[in-house]
Amino acid sequence: IGTFDRGGTTGAATSIDANGRVFTPGYKSPRFYHQYDSASGLWTPRGPLLEGSRKHVCLQSEDWSTTWAAVGTPTRVAASDTAAGVSLDTIGDDDGAVLEGYTQTATFTGNAVKAVSIHVKKGTSTSSAIRLRDTTAGADRLLAIITWSGSVPSIAMTTGTLIGSTRLTGDVYRILLATTSVTAANTNSLQFYPATDAALATANTGTIIAGGVDAEDGAFPSSYTKVTTVAITRSADAFSFALNAPPQAMTLYAKYVDLGSRIGAPTAGGQV
């Protein structure tokens with residue numbers, strides 16, 4: 001009936017397929033989105049996914065060994081889980097005397113609430129942390145603590161907002177977060193610690209399977225985009241169709257679809 005476009009080839013836009021895997025369609029192809037249904041245990045169709053343009057600024061989103069700086073000497077098993085379509089590493093803290101993990105500076109555009117997301121799967125650690133720290137102001141803009149109930153993550157927010165989570169195949173979850181207001185001119189350090197708590201205690205040890213980190217110039221997370229050496233601005237989706245002449249009356253229906261389900265409560269975020 002119509003034509004889908006992504007306004008060009010800029011940015012690798014992804015979606016979720018019927019097997020709960022992240023995939024990248026052609027830029028002239030519609031992105032049909034599937035969402036996990038707990039009643040059936042299947043990923044059910046939710047229709048085409050149309051998003052505006054978004055800048056993704058977390059470099060090496062699936063490779064902790066480059067751009068990311070090690071804090072201490074974290075252990076790492078590269079690409080230990082790729083079943084969900086995102087390359088995840090097993091990241092560990094094996095030193096009960098110091099904090100271990102990874103950090104990089106996120107370069108945002110403009111002062112505002114920003115989006116952060118990460119794909120995780122349970123390892124041996126009981127508690128992990130993802131944080132966005134304004135090192136210029138000495139303030140946390142985001143601090144989320146990940147614990148587990150079986151294979152399901154539970155997220156406690158010290159700073160920032162939990163938007164929700166997206167379940168993928170193989171017990172992988174994409175955690176969707178939003179910061180408090182970021183000052184773009186300051187140094188904003190994106191940090192991940194596999195075995196610590198809200199106090200950033202050093203005594204904890206253990207591993208977590210994690211990767212697919214995304215930091216976006218937007219108030220809520222959009223679909224995941226893999227970034228390597230430079231920030232990516234994903235082109236907007238577009239849907240167009242011919243309108244017969246002379247002009248005729250037309251009704252257009254738009255369905256609102258959540259990208260994730262809030263853990264323990266209805267989701268507050270989403271997009272049309």
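Computed from a predicted model, the values in this text were never measured in an experiment. (Residues numbered from 1 in each chain as written. Predicted model: local features only at pLDDT ≥ 70, side-chain atom pairs only at ≥ 80, totals over all residues. Heavy atoms only, no water.)

Caption draft 1: Main features of a nonpolar patch on the surface. On the surface, a cluster of nonpolar side chains totalling about 450 Å² of accessible area is made up of Leu50, Phe239, Phe241, Leu243 and Met250. Relative to the helices and strands, Phe241 is located in the segment after β20 (238-240). (Patch = residues over 30% accessible without salt bridge, like charges linked within 9 Å, V, L, I, M, F, W, Y side chains within 5 Å. Areas by Shrake-Rupley, 256 points an atom, 1.4 Å probe, with all protein chains shown as cover. Salt bridge = Lys/Arg side-chain N within 4 Å of Asp/Glu carboxyl O. Helix = DSSP H or I, 4+ residues; strand = E, 2+ residues; numbered from the N terminus.)

Caption draft 2: How the structure looks around the nonpolar core. Ranked by size, the top nonpolar core spans 29 residues in total, and within it Trp64, Ile118, Val120, Ile175, Leu177 and Leu190 carry the most contacts. Put simply, the parts of the chain that give this core at least two residues each are β11 (112-121), β12 (128-134), β13 (139-149), β16 (172-182), β17 (188-193) and β18 (206-216). In this structure Ile175 touches Val116, Ser117, Ile118, Val120, Pro153, Ile155, Leu162, Gly164 and Ser165, once residues within four positions along its chain are discounted. Listed in part, the 12 residues of the second largest apolar core include Leu49, Leu168, Ile209 and Tyr224. (Core = buried A, V, L, I, M, F, W, Y, C linked by side-chain atoms within 4.5 Å. Buried < 20%, exposed > 50% of the residue type's maximum accessible area, 1.4 Å probe, protein only. Contact = heavy atoms within 4.5 Å.)

Caption draft 3: Geometry of the sheet that holds strand β14 (residues 152-159). Ordered by their spatial adjacency, 6 strands build an open sheet running β7-β10-β17-β12-β13-β14, and the pairing between neighbours is antiparallel. Looking at the sheet topology across the chains shown, the edges are occupied by β7 (69-71) and β14. Strand-to-strand twist across the sheet, computed as the mean angle between neighbouring axes with direction ignored, equals 20 degrees. (Pairing = 2+ DSSP bridges. Axes fitted to C-alpha atoms, helices over the stretch in contact; angles between N-to-C directions.)

Take it as geometry only, folks, not as evidence of what the structure does.
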